[in-house]
Structure formats: structure tokens, C-alpha cells
Amino acid sequence: MLRQRRARILATLGPSSSTPDQIYALALAGADVFRLNFSHGSHDDHAARYNTIRSVERDIGRPIGVLMDLQGPKLRVGRMAGGKAVLEAGSRFRLDLDTTEGDATRAGMPHPEIFAALRPGTDLLLDDGKLRLRVDACGVDFAETTVMVGGALSDRKGVNVPGVVLPISPLTPKDRADLAFGLELGVDWVALSFVQRPEDIVEARSLIGDRAWIMAKLEKPAAIDALDGIVALADGIMVARGDLGVELPPQQVPVLQRRIVHAARAAGRPVVVATQMLESMTTAPVPTRAEVSDVATAIYEGADAVMLSAESASGQYPVQSVAVMDNVIREVEQDPRWREGLDASHKPADKTTADAICCALRRVTNLLAPAATVTYTASGATCLRASRERPTATILALTPKMAIARRLALVWGVHPVPFEEAEGFDRMVADGVAAARFHGLADAGDDVVVVAGFPSGRPGRTNLLHVVRVGEEPGV
């Protein structure tokens, strides 16, 4: 099932999209990768959805990626007497480690790591930024604050500390248990929440190894300060705009989105733009014009994928949401200015043999307009470097590992196919052309570009680019 577009769609599963028929319909409508949100649902729920995805994958005949999204630390105030209290602007308010119920003058905050990081003048945001406190004095177990923006504070509302790196791991005990379960299940990507620094990726990698690729969710301002280091260590990047928009002025989020997308593209890391892309479609069968423009902007910037959250997980129109996103991507990719923008934002490659080959690939596809590019890849590295160049021809990724094919389902312009490893140069070229023909990418007389490492079977050794005309390949 060949996609007639380059950018990919990541759809979240939930109560509205968990039956075999629903998941099958989402895949047909355009979902390339499914997200399992471990902030909700039991392990049994996620296992059932995972098994259904694999069944749909067999029916459709195309590798489907599965991304598990870890919840991460959730910083919250304690319980309030009567369920809530009203904080008046200008009033004094105390936060401490006391577990007794709070009121209009104080509340418990059972997170000593927050108190350890506070300084006078620090802002605290409560309930997704609806309330704002300024820290006047603090210690290891308390903070005296002034209410800058008041309102009702209810039980267990979230706490954000913008501009502060908290001494806290992104992996809670729950996350570690979920991660062990997800890896045993066989997920392809792990989305790591609450990333603040490159060391967070190192910690996750020590647990995950090569069993899945790691996607760093950039939702903390501290992560932006360490952007290059995080991008260098992660396998993929997610622009988590909802949480970024809580801790930062909303007008800064589009600017940061563009910066993150360009940094990820420059490094050859798949990048996903997420959160509220078609939010109105949770309850309406059509999106707003502004939402359509938002999706289009991400595609013009060259994002690898765009994501649906509540729209597909709990909304009333999950399949329609995927179909709208699919249509928007196709429309944008037919605009000549889309290609002009990709070329204008292209960054110089690294001084490696693999990047030299893939730079040549970009130039060859621009000049010859081949029907397809075939990449042989054991680890996915060749395909990722080829995708980084944003070539004009579809990248047919042939890999002997189904796990790699599923991971590549998220990558821009890639049509991944599990394929037996070719032996010898002639066989490699002939098999690549045959695969391009079989998948409807090329026909007699078309040019096909083959990129691979030779001898084959040695990851990270991309050193070959060959142009062949269909019908003139070796053995014909």
C-alpha cells in the first residue's frame, strides 16, 4: 500500500479507535504509525491494541510503526479542602511538603526536587498556566509566594516551573515498568517525556539499547537550551507544543517549532510536530481553516510527520481526522513552492562517505527525475541519511529486519519493505529494480537509483550509488 505523499501521519489510539475495524480504517485513511499513550489505559489495553495493529499490518501488507509514549513525571499540588480554593491575585500563598489538605493560604506540593531548584523570583505555573505564583522566599521544604494571576485551584492540579532545570529523572518507577512492558511487547519507538538535557537520553538508552528508537519530546524550555545535544543523541524529535505553550508565551511556540524542525532536519533525525493540530475535530466533522493552515505549515517546514492526539484517540471523528490530514499533506506536496522551500532550507551534510553518497543522490534525483530511489539498509542509517536530503523520488527502503522497516515507517519519503539481503552487486541492482517495479514505483524505461553499502551486510558502510534503467539491469 504505497503512500502518495512524503510526510507521515502518527495517530494516537484510544477509546474511539481500538477495535480491529477502527484501526484498519485508520490505516487505510493514512495512518503510518500508531501511538500508544501510556498516560492512560492498562497494560492489557495496550497489548490488545498492539496485537490488533500487527494483525492489520498483515492484512494491509505494509509495515506499521508503533510508538509508546511514556507518561513522565507529573508534578502536582496535593488535595484541597472541599476540592478547591480560590487564590486571590496579590495574596500570599505557601507551598510545602505537608500532606494535609490545602486552602486559600497554602497547599501541599509533594515534590522536594522542585523546592531544591527554586530561587526567589522564580515563577510557578499551576493548572496548565491558569494560575501564576512568584516565589519570594524558599527552602528545602517550602516556598512563600505571591499570587500574580489568581483563580480556582483544585485537587491535584499540575505544577510547571518554567526556566528551571529540575533535578529529576524523566523516567519514574511507573515509566520504567511501562518501558519494560513495551519493549517486551515489541514497540518500535519510545517517546521520552520531560526531557531537559542530553543526559536524559543517555539514561533512557541504557535501558532501551537497540530494542527501539528513542524519540525525545521537547516540552520543557530547558530542552531548547540543550537542543543540539539532545538532537545529537536521540533517534527522533517530537515538538510537544501543548506543554511548551504552558511554560512559554504562546507567540514563542511557532518560532521554536521552526527552530526544532530545522535542527532535527540538519542532523537527519525524524521530527514530529504534535498537539492540537486538528483539535476541533474531536467534536466536529471538519477542521477550522486555521488548523488546516497549521498542518500545512509543518509540512512546508519539512517535518517528517504530524500527529493526532485526542482527535483519533477519543474524538468523534477519528477516521475523518486522519483523512483530512492526509488530504492536507497531499495538497501541500503538490505545490511547487513546497519543494522550493525544502531546497532553500537544506543544510550542508557531514563530511562522511555516506553523506557524500546521499548528497549525490539528491543531485542525481533533481537532474534525472528517476522513478524511485532504492536503499539497502540493515540498521536504517542509510535510509535516514537519504531521507535527510529530501530527494524528489520515493525512497524504497529494503531491509532484512522487520523491526527496522517498522521504525522507518515514520520517516519522510520512505516506503519500507522487509527484503532478503542481496548477495553481490548485480543481484543487488536487479533485486532493487524488481522491488521498485513490484511496488508500482517504476516501469520499463524508467531510471532507478540504487544506494547501498558494498559489500552488503555491514551497517554504516554506505558507499555505492548506481543509476540503472529498468529493462537494462544485470541479468535482463
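Heads up: these notes are all about the structure in this document. In this text, all values refer to a predicted model and were calculated from it rather than measured experimentally. (Residues numbered from 1 in each chain as written. Predicted model: local features only at pLDDT ≥ 70, side-chain atom pairs only at ≥ 80, totals over all residues. Heavy atoms only, no water.)

## Notes on the overall build of the protein chain
Using the following cut-off: Every helix listed is a DSSP run of H or I at least four residues long, and every strand listed is a run of E at least two residues long, numbered separately from the N terminus. Radius of gyration: C-alpha atoms only; globule rule: 2.2 Å multiplied by the number of residues to the exponent 0.38. Exposure categories follow from relative accessible area, calculated using a 1.4 Å probe and restricted to protein chains: below 20% of the type maximum is buried, above 50% is exposed, and the middle band is partly exposed.
Scanning the protein chain from N- to C-terminus turns up 17 helices and 21 strands. Against the 2.2 N^0.38 benchmark of 23 Å for 476 residues, the protein chain shows a C-alpha radius of gyration of 24 Å, consistent with a compact globule. Each of the three principal axes of the protein chain carries a C-alpha extent, and together these read 85 × 45 × 40 Å. Out of the 476 residues belonging to the protein chain, those deemed buried represent 55%.

## Considerations on the pairing of strand E3 (residues 65-69)
How we decide: Paired strands, in this sense, are two strands between which DSSP finds at least two bridges.
Among the five residues that make up E3, five are buried, leaving the element largely enclosed by the rest of the structure. Neither face of E3 is open: one carries Gly65, Leu67 and Asp69, the other Val66 and Met68, and all of them are buried. Taken together, the five bridges between strand E2 (residues 33-37) and E3 define a ladder with parallel strand orientation. Following the sheet pairing, Phe34 is matched in E3 by Val66. In the sheet, E3 pairs with strand E12 (residues 189-192) via three bridges, with the strands oriented parallel. Of the residues in E12, the one forming a bridge with Met68 is Val190.

## Considerations on a nonpolar patch on the surface
Filter applied, for reference: Patch definition: residues with relative accessible area over 30% and no salt bridge; like charges joined within 9 Å; nonpolar side chains (Val, Leu, Ile, Met, Phe, Trp, Tyr) joined within 5 Å. In these tables, accessible area is a Shrake-Rupley quantity obtained with a 1.4 Å probe, and a residue counts as shielded only by the protein chains included in the view. A pairing counts as a salt bridge when a side-chain nitrogen of Lys or Arg comes within 4 Å of a carboxyl oxygen of Asp or Glu.
Together, Met1, Tyr24 and Leu28 make up a nonpolar patch on the protein surface, roughly 250 Å² of accessible area in all. In this fold, Met1 is placed in the segment before strand E1 (8-12).

## What about the packing of helix H4 (residues 173-185) against helix H5 (residues 198-208)?
Each pair of packed helices gets described by two things: the angle between the helix axes and the distance between those axes. Our working rule: Lines fitted to C-alpha atoms define the axes, with helix axes restricted to the stretch in contact, and inter-axis angles between N-to-C directions lie between 0 and 180 degrees. Roughly parallel refers to an angle under 35 degrees, roughly antiparallel to one over 145, roughly perpendicular to one between 65 and 115, and oblique to any angle outside these ranges. Crossings are sorted by hand: turned counterclockwise from the far helix by less than a right angle, the near helix makes the crossing left-handed, and turned clockwise it makes it right-handed. We call two residues in contact whenever any of their non-hydrogen atoms come within 4.5 Å of each other. Put simply, Ala, Val, Leu, Ile, Met, Phe, Trp, Tyr, Cys and Pro go in the nonpolar bin, Asp, Glu, Lys and Arg in the charged bin, and everything else, Gly too, in the polar bin.
For the pair H4 and H5, the least separation of the axes is 11 Å and the interaxial angle reads 45°. On the basis of the axis angle, H4 is oblique to H5. The two elements H4 and H5 cross, and the hand of that crossing is right-handed. Facing H4, whose interface residues are Arg176, Leu179 and Leu183, H5 presents Glu203, Leu207 and Ile208. In terms of residue class, the contact of H4 with H5 is built from four nonpolar, no polar and two charged.

## What to know about the sheet that holds E1
Taken together, the eight strands give a closed barrel; going around it, the order is E1-E2-E3-E12-E13-E14-E15-E16, and neighbouring strands pair in parallel fashion. Each strand of the sheet is rotated relative to its neighbour by a mean of 25°, with strand direction disregarded. The pairing of E1 with strand E16 (residues 305-308) spans four bridges and is classified as parallel. If you follow Leu10 over to E16, its bridge partner there is Met307. Where helix H9 (residues 252-267) meets the sheet, its contacts fall on strand E13 (213-218), strand E14 (236-240) and strand E15 (271-274), and the angle it forms with E14 comes to roughly 175°.

## Points about H9
For clarity, the threshold we go by: In a helix, the anticipated span is given by 1.5 Å times the number of residues less one.
Between the first and last C-alpha of H9 there are 23 Å, a value that for 16 residues agrees with the 22 Å anticipated at 1.5 Å per step. Within the sequence span of H9, burial applies to Val253, Leu256, Gln257, Ile260, Val261, His262, Ala263, Ala264 and Arg265.

## Looking at the pattern of salt bridges
Working definition: two side chains of opposite charge can pair if their charged atoms are close together. On inspection of all chains with the given rule, the structure shows 36 salt bridges. Asp443 is paired through a salt bridge with Arg437; the nearest N and O atoms lie 3.5 Å apart. What makes Arg437 partly exposed here is its relative accessible area of 37%. Ionic contacts of the salt-bridge type, sharing partners, join the residues Arg3, Arg5, Asp32, Arg62, Asp326 and Arg330 into one network.

## Observations concerning helix H14 (residues 353-368)
Given a rise of 1.5 Å per residue, 16 residues ought to cover 22 Å, and the 22 Å separating the end C-alpha atoms of H14 matches this to within 8%. Considered for burial, the residues of H14 that qualify are Ala354, Asp355, Ile357, Cys358, Leu361, Arg362, Val364 and Thr365. Within two residues after H14, Ala369 carries a phi angle of roughly 50°, on the positive side.

## Thoughts on unusual backbone geometry
Non-glycine residue Thr275 carries a positive phi angle of around 90°. By the element assignment, Thr275 lies in the loop between E15 and helix H10 (289-300).

## Looking at the sheet that holds strand E5 (residues 92-96)
Spatial ordering of the open sheet is given by E6-E5-E9-E8-E7-E11, a layout of six strands whose pairing is mixed. The open sheet has two edge strands with one neighbour each: strand E6 (106-108) and strand E11 (159-160). Here E5 pairs with strand E9 (residues 142-149) via five bridges, running antiparallel. Residue Arg92 lies in a different strand from E9, and its bridge partner there is Thr146.

## Observations regarding the nonpolar core
Selection rule: Here, nonpolar core means buried Ala, Val, Leu, Ile, Met, Phe, Trp, Tyr and Cys residues that are tied together by side-chain atoms lying within 4.5 Å of each other.
Grouped together as the largest cluster of nonpolar side chains are 70 residues, with contacts concentrated most on Phe34, Val190, Ile237 and Met325. Among the elements that take part in this core, helix H12 (residues 318-333) stands out by supplying six residues, more than any other. Discounting chain neighbours no more than four positions away, the residues touching Ile237 are Met215, Ala216, Leu218, Ile230, Val231, Ile260, Ala264, Pro270, Val271 and Val272. Cys383, Ile395, Ile404 and Leu408 belong to the second largest nonpolar core, which has 29 residues in total.

## Observations regarding the side chain of Thr399
The line we're drawing: Polar contacts here mean pairs of N or O atoms no more than 3.5 Å apart (in protein, one a potential hydrogen donor and the other a potential acceptor; neighbouring residues in sequence count only if both atoms are side-chain atoms).
Residue placement: Thr399 occurs in strand E18 (residues 395-399). Classification of Thr399 as buried rests on a relative accessible area of 0%. A distance of 3.2 Å separates a polar side-chain atom of Thr399 from the backbone nitrogen of Lys401. If near-sequence neighbours (up to four positions away) are discounted, Thr399 is found in contact with Thr377, Ala378, Ile404, Ala405, Val417, Pro418 and Phe419.

## Remarks on the packing of aromatic side chains
Quick reminder of the rule: Aromatic pairing here means that ring centres of Phe, Tyr or Trp (its six-membered ring) are within 6.5 Å. Orientation follows from the plane angle: under 30 degrees is stacked, over 60 is edge-to-face, and everything else is tilted. A positively charged side chain is recorded as over a ring if its NZ (Lys) or CZ (Arg) lies within 6 Å of the ring centre. The angle to the ring normal must also be within 35 degrees.
Taken as a whole and judged by the stated rule, the model has three aromatic pairs. Residues Trp189 and Trp213 carry aromatic rings whose centres are separated by 5.4 Å and whose planes lie at 80° to one another, so their mutual orientation is edge-to-face. Pair noted here: Trp189 is in strand E12 and Trp213 is in strand E13, with a separation of 24 residues, a long-range link. The pair Trp189 / Trp213 is uniform in exposure class, with both members buried. Taking NZ or CZ as reference, Arg339 lies 5.4 Å from the ring centre of Trp338, over its face.

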